[in-house]
Amino acid sequence: MAQPAIHPGNEERSLEILFSIRKAFADKGFDGASMQDLARAAGMSVGNFYRYFPSKGAIVEAMVGYDLTEIERDFGEIQSSADPMAGLRAKIIQRMTEDCGGDSRLWAEITAVSMRKPEVLAVSQQMESTVVAHLSAIFARVTGRNHADAIRRYAGQCRLLVMLVKAMAMETGKTGTPNPELTEQVIPIIDRVFAEISNDIARG
């Protein structure tokens, strides 16, 4: 993935700005939030704001880049744990049942925008590919397969898991509250996928 659009020499300040505008970006939407709105949310002049983020596309790229860093950290902890499948299951369910500071609404907006903005779609697809690679690495460890084999063998399951998490985020984004009834329907699907993979141990 391309590096986030961060103002040279001031990464900490750029991250502070991202945190300060996340809610405004999620509430108003990609099209509804003007650069003036976002600059105001960050407590900055528009001219200064543009020095850090020259476009809304650059903002999305930076947000995705930051969140991907967090996701990769989570995957690292899961991969090194004694029971990676249990850790992965817990993390997926947490993402489906918690709306951490309105992140579900933000990601629902980014997902929706990716359908009509090629530059956002490209960033979103890069993130999904990275998540799929991490999922495959966990499944490779659990089944005793090499990573390349796991990628080929479990590509469909990985994409299904990504799709379910994204769909749940979009559902939560509508109201700001996770839907427990829907979650009850989705968790058994995840459990079936995990059981299928856990039982698919490499022979020989």
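Residues numbered from 1 in each chain as written. Predicted model: local features only at pLDDT ≥ 70, side-chain atom pairs only at ≥ 80, totals over all residues. Heavy atoms only, no water.

Enquirer: Can you walk me through the overall build of the protein chain in this structure?
Expert: Assigned secondary structure in the protein chain consists of ten helices and zero strands. Along the protein chain, from the amino end to the carboxyl end, the secondary structure elements read α-α-α-α-α-α-α-α-α-α. Against the compact-globule benchmark of 17 Å for 204 residues, the protein chain has a radius of gyration of 18 Å, which places it among compact chains. Viewed in the frame of its principal axes, the protein chain has a C-alpha envelope of about 65 × 40 × 30 Å. (Helix = DSSP H or I, 4+ residues; strand = E, 2+ residues; numbered from the N terminus. Rg over C-alpha atoms; globule rule 2.2 N^0.38 Å.)

Enquirer: Help me understand the pattern of salt bridges in this model?
Expert: Close approach of charged atoms allows side chains of opposite charge to pair. In total, this model carries 15 salt bridges according to the counting rule given. Here lysine 23 makes a salt bridge to aspartate 27, at a shortest N to O gap of 2.6 Å. Note that lysine 23 and aspartate 27 are positioned in helix α1 (residues 11–32) at a spacing of four residues, about one turn of the helix. A residue is classified by how much of its surface remains accessible, and lysine 23, at 57% relative accessible area, is exposed. Each of the salt bridges in this network shares a partner with another, and the network as a whole consists of Arg145, Asp149, Arg152, Arg153 and Asp200. (Salt bridge = Lys/Arg side-chain N within 4 Å of Asp/Glu carboxyl O. Buried < 20%, exposed > 50% of the residue type's maximum accessible area, 1.4 Å probe, protein only.)

Enquirer: Would you mind showing me how to read the packing of helix α5 (residues 84–97) against helix α10 (residues 180–198) here?
Expert: To characterise two packed helices, one gives the angle between the axes of the helices and the distance between these axes. Interaxial distance between α5 and α10 falls to 11 Å at its minimum, and their mutual angle equals 160 degrees. For the element pair α5 / α10, the angle class is roughly antiparallel. Regarding α5 and α10, the two cross each other, and that crossing is right-handed. For the pair α5 and α10, the contacting residues are Met85, Leu88, Arg89, Ile92, Ile93, Met96 and Thr97 in the first and Thr183, Val186, Ile187, Ile190, Asp191, Phe194, Ile197 and Ser198 in the second. Among the residues making up the contact of α5 with α10, the classes are represented as ten nonpolar, three polar and two charged. (Axes fitted to C-alpha atoms, helices over the stretch in contact; angles between N-to-C directions. Parallel < 35°, antiparallel > 145°, perpendicular 65-115°, else oblique. Left-handed = near helix turned anticlockwise from the far one by under 90°. Contact = heavy atoms within 4.5 Å. Nonpolar A, V, L, I, M, F, W, Y, C, P; charged D, E, K, R; others polar.)

Enquirer: Could you clarify how one ought to interpret the packing of aromatic side chains in this entry?
Expert: Two numbers describe a pair of aromatic rings. These are the distance of the centres and the angle of the planes. In total, this model carries five aromatic pairs according to the counting rule given. Taken together, a centroid distance of 6.1 Å and an interplanar angle of 85 degrees make the contact between phenylalanine 25 and phenylalanine 30 edge-to-face. The pair formed by phenylalanine 25 and phenylalanine 30 is uniform in burial state, with each residue classed as buried. Between phenylalanine 139 and tyrosine 154 the ring centres are 6.0 Å apart and the planes differ by 85 degrees, which places this aromatic pair in the edge-to-face class. Here the residue phenylalanine 139 occupies a position in helix α7 (residues 118–143), and tyrosine 154 occupies one in the loop between α8 (147–153) and α9 (155–175), the gap between them amounting to 15 residues. Each member of the pair, phenylalanine 139 as well as tyrosine 154, is classed as buried. Members of the aromatic cluster, joined through ring pairs, are Phe139, Tyr154 and Phe194. For lysine 56, the ring lying beneath its charged end belongs to phenylalanine 30, and the centroid distance is 5.2 Å. (Phe/Tyr/Trp six-rings, centres within 6.5 Å; stacked < 30°, edge-to-face > 60°. Lys NZ or Arg CZ within 6 Å of the ring centre and 35° of its normal.)

Enquirer: So what exactly am I meant to see when it comes to the nonpolar core here?
Expert: One recurring pattern in soluble globular proteins: nonpolar side chains tend to sit buried together. Ranked by size, the top nonpolar core spans 56 residues in total, and within it Leu38, Phe49, Ile59, Leu88, Leu135, Phe139 and Phe194 carry the most contacts. If we ignore the near neighbours within four places in the chain, the residues touching leucine 88 are Phe75, Ile78, Leu135, Ile138, Phe139 and Phe194. (Core = buried A, V, L, I, M, F, W, Y, C linked by side-chain atoms within 4.5 Å.)

Enquirer: So what exactly am I meant to see when it comes to the packing of α1 against helix α4 (residues 56–79) here?
Expert: Between α1 and α4, the shortest axis-to-axis distance is 11 Å and the interhelical angle comes to 120 degrees. It follows from the interaxial angle that α1 and α4 lie oblique. As α1 runs across α4, the sense of the crossing is left-handed. Counted together, Leu15, Leu18, Phe19, Ile21, Arg22, Phe25, Phe30 and Asp31 of α1 and Lys56, Gly57, Ile59, Val60, Ala62, Met63, Tyr66 and Asp67 of α4 form the full contact between these two elements. Residues that form the contact of α1 with α4 fall into these classes: eleven nonpolar, one polar and four charged.

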